[in-house]
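Residues per chain, in single letters:
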Amino acid sequence: MRFSKAVLALALTMSVAGASEMASAAPATTERHGASLFGDLKYGPDFKHFDYVNADAPKGGELRYAAIGTFDSLNPYIVKGEVGAGINLIYDTLLEPSMDEPGAEYGLIAETISYPDDFSSVTFKLRKEARFQDGTPITPEDVIWTFETLKKLHPFYAAYYRNVEKAEKVGADSVRFVFSVKGNRELPQITGQLPVLPKHYWMAKDAKGRPRDISQTTLEAPLGSGPYRIAEVIPGRTIVYERVKDYWAKDLPVKRGTNNFDRLRFDYYGDPVVAFQAFKADQVDLRIETSAKNWATGYDFPAAKDGRVKREEIRMRNPAGMQSFAFNLRRDMFQDERVREAFNWAFDFEWQNKNIFSGQYARTDSYFANSELASRGVPQGLELEMLKPFEKELPPELFTTPYSNPKTDGSGNNRANLRHAAELLDAAGWKIVNGTRMKDGKPLAVEFLLADPQFERVVAPYKQSLDRLGIKVTLRTVDTAQYQNRLDNRDFDIVVESFGQSLSPGNEQREFWGCEAARRVGSRNVIGICDPVIEKLIDRVIFAKSREELVAATHALDRVLLWRHYVVPQWYSPFARVAYWSRLAHPKKMPDYALGFPDIWWYDASDQKASPQNAPTKP
């Protein structure tokens with residue numbers, strides 16, 4: 001679940017409904033309708049709707065979208081199983097992120113939020129009108145049960161909410177989260193990202209009289225509180241969601257102009273190539289294009305030429321994060337940084353960008369690329385102060401040399417880079433014996449584990465370079481279920497992995513790079529990083545007292561991650577490439593920090609180019 005780190009603060013009014021419901025007194029706080037880590041909120045308490053939505057967008061139509069692989073569960077809150085696409089559409093959270101201001105959230109299930117100056121707790125007052133889809137009110141007991149259950153069941157929540165000590169009821173309609181530390185500025189806000197599940201539903205029996213168990217996979221359509229409910233499930237093939245016409249939050253400012261399709265249909269395809277053919281055949285309505293080759297050469301079919309299919313590049317201003325070839329440090333051969341660095345010297349990005357990607361990408365040189373959070377040059381000022389205490393544990397070059405990836409001229413002649421890679425491998429003790437890199441009688445042999453066949457054309461030329469170094473390389477492409485299972489259980493050498501970031505990094509960094517996450521099955525620390533320096537820098541990010549300190553701490557963390565050579569960085573584009581049949585529409589001014597799909601898109605009945613498909617009804 002890639003969580004957007006929108007930040008929000010709302011206020012608490014302590015309502016007292018008898019001594020038995022009273023929690024311990026909390027420091028004085030101020031009620032708010034929303035909050036931001038970046039200063040003042042853009043939208044005031046009386047705002048009508050977000051600027052980036054079409055508040056009068058028509059409701060109706062069916063949106064068809066392609067998912068890849070298969071699914072066998074509708075429970076996204078456990079590690080087990082392959083979860084069906086779009087499942088989070090049925091759930092609401094305490095707060096709703098804004099898409100046109102970084103790090104900002106506004107009240108959804110929560111009407112107000114408050115927290116003291118020392119960030120030792122946060123309290124949410126729930127809206128009286130908040131309901132699950134069976135009409136049952138959402139209560140503090142639901143929030144508390146959800147928090148305790150998810151933290152116990154899923155490694156993401158265990159890491160994300162590690163410093164949330166407990167949740168307690170305050171009066172009749174409020175919940176307070178108490179923190180085990182002070183000064184963690186992000187905790188009041190990330191607790192607002194908690195989805196709220198119906199305790200009464202999960203404590204009851206299913207239609208066959210069996211007790212429900214949230215710790216297990218299920219194909220029974222769960223009860224939610226969100227704008228959509230599950231209408232149809234064909235296991236492994238299709239999930240259809242229908243809009244909840246009497247959705248409790250549809251007239252709230254944070255929801256006006258959103259959730260405009262009557263039905264959302266997710267059909268599963270065996271691989272992206274088949275899914276693209278389905279899009280061209282008008283079996284899929286919108287495609288977020290991730291293949292540079294397809295974007296450059298694949299849209300020459302009639303509908304794209306005559307305007308029935310539109311293509312857009314929409315500028316995104318979020319950090320691009322790190323897409324990479326990620327090493328499994330649990331393998332002995334990758335314990336030596338020189339081996340990992342050698343793999344980077346063998347990767348000829350410039351040739352690939354020219355010959356495979358049609359020059360559409362930039363090389364990723366930061367875990368926070370495309371943002372002010374990316375480290376540059378050499379450490380200075382506050383960042384240098386943060387790194388100095390660890391000078392003996394870090395490479396000397398980190399302090400004197402700007403990090404940069406190896407480069408070539410794009411001709412395909414990367415002989416000089418391979419020579420340097422060979423020197424690194426030699427220094428690490430991997431010597432050539434009869435054409436093969438050997439150490440302690442064992443060959444240097446690696447497997448690239450892939451879930452997307454399109455990456456085979458990227459790995460194949462990379463393999464040739466590694467072969468020239470005497471490294472034995474195999475490529476293995478498996479289905480998504482097998483891939484996820486092997487990833488969760490750390491049964492891989494090298495995988496393609498992305499580490500998405502926001503403009504307000506914080507507690508999720510523990511899940512990416514922390515020691516505790518490295519030991520947990522199914523965590524996002526797939527690499528297996530456990531470094532005392534990185535642990536301390538993560539804390540500097542989390543406990544930053546100002547934006548200036550947060551940026552400096554993120555630069556320091558980024559720089560150490562880069563110089564440890566945990567990955568071979570790949571590439572990024574600041575644009576989202578979107579192709580869609582012209583019966584769909586989106587606001588003219590799109591938000592800066594999200595594509596907003598499908599939330600703020602709608603079915604455009606006025607477009608006559610594309611054949612009509614489930615024409616919309618009136619709002």
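Residues numbered from 1 in each chain as written. Predicted model: local features only at pLDDT ≥ 70, side-chain atom pairs only at ≥ 80, totals over all residues. Heavy atoms only, no water.

The protein chain appears in an unreviewed UniProt entry as ABC transporter substrate-binding protein from Parvibaculum sedimenti. One UniProt comment on the protein chain, placed under Subcellular location (unreviewed entry), says "Periplasm". (UniProt positions renumbered as here; feature names shortened; annotations may be inferred.)

Among the nonpolar cores identified, the biggest contains 84 residues, and Leu-94, Phe-177, Tyr-241 and Trp-601 are the most heavily contacted of them. With five residues, helix H1 (residues 140-153) is the single largest residue contributor to this core. Formed by 81 residues, the second largest nonpolar core is a distinct cluster that contains Met-322, Leu-394, Val-446 and Ala-553. (Core = buried A, V, L, I, M, F, W, Y, C linked by side-chain atoms within 4.5 Å. Buried < 20%, exposed > 50% of the residue type's maximum accessible area, 1.4 Å probe, protein only. Helix = DSSP H or I, 4+ residues; strand = E, 2+ residues; numbered from the N terminus.)

Now for the domain arrangement of the protein chain. Size of an interface: often given as the accessible area lost when the parts come together. Examined at the domain level, the protein chain breaks down into domain 1 (228-316 + 575-603) and domain 2 (322-503). One C-alpha centre belongs to domain 1, the other to domain 2; they are set 33 Å apart. Of the residues lining the interface, 14 residues belong to domain 1; the matching set on domain 2 comes to eleven residues. Overall, the association of domain 1 and domain 2 removes approximately 850 Å² of surface from exposure, summing both partners, and the carbon and sulfur fraction of that is 46%. Per-residue buried area on domain 1 facing domain 2 is highest for Pro-272, Ala-292 and Lys-293; these three make up 41% of the total on that side. Connecting domain 1 to domain 2 are zero salt bridges. For the interface between domain 1 and domain 2, the tally reads five residue pairs in polar contact (both at pLDDT 80 or more). Of all the secondary structure elements, the ones that give two or more residues to the side of domain 1 that touches domain 2 are helix H5 (272-280) and helix H6 (292-297). The element best represented in the side of domain 1 that touches domain 2 is H6, accounting for five residues. Residues of the side of domain 1 that touches domain 2, tallied by class, amount to seven nonpolar, three polar and four charged. (Domains from an automatic or database assignment. Contact = heavy atoms within 4.5 Å. Buried area = accessible area lost by both parts, 1.4 Å probe. Salt bridge = Lys/Arg side-chain N within 4 Å of Asp/Glu carboxyl O. Polar contact = N/O pair within 3.5 Å; in protein donor to acceptor, adjacent residues only side chain to side chain. Nonpolar A, V, L, I, M, F, W, Y, C, P; charged D, E, K, R; others polar.)

Angle between the axes and distance between the axes: these two values describe a pair of packed helices. The contact between helix H17 (residues 532-542) and helix H18 (residues 547-563) brings their axes to 8 Å, and the two run at 155 degrees. Of the possible angle classes, the one that applies to H17 and H18 is roughly antiparallel. Two packed elements cross with a definite hand, and for H17 against H18 that hand is left-handed. Residues Ile-534, Leu-537, Ile-538, Arg-540 and Val-541 of H17 lie in contact with H18, whose contacting residues are Glu-549, Leu-550, Ala-553, Thr-554, Ala-556, Leu-557, Val-560 and Leu-561. (Axes fitted to C-alpha atoms, helices over the stretch in contact; angles between N-to-C directions. Parallel < 35°, antiparallel > 145°, perpendicular 65-115°, else oblique. Left-handed = near helix turned anticlockwise from the far one by under 90°.)

Pairing is antiparallel in the open sheet, where four strands are placed in the order S5-S6-S8-S7. Looking at which strands have only one partner, the edges of the open sheet turn out to be strand S5 (110-114) and strand S7 (164-170). The mean angle between the axes of side-by-side strands here comes to 20 degrees, regardless of whether they run parallel or antiparallel. Two strands pair when backbone bridges link them, and S5 and strand S6 (residues 121-126) are joined in this way by four bridges, in the antiparallel orientation. Bridge pairing in S6 links Ser-114 to Thr-123. (Pairing = 2+ DSSP bridges.)

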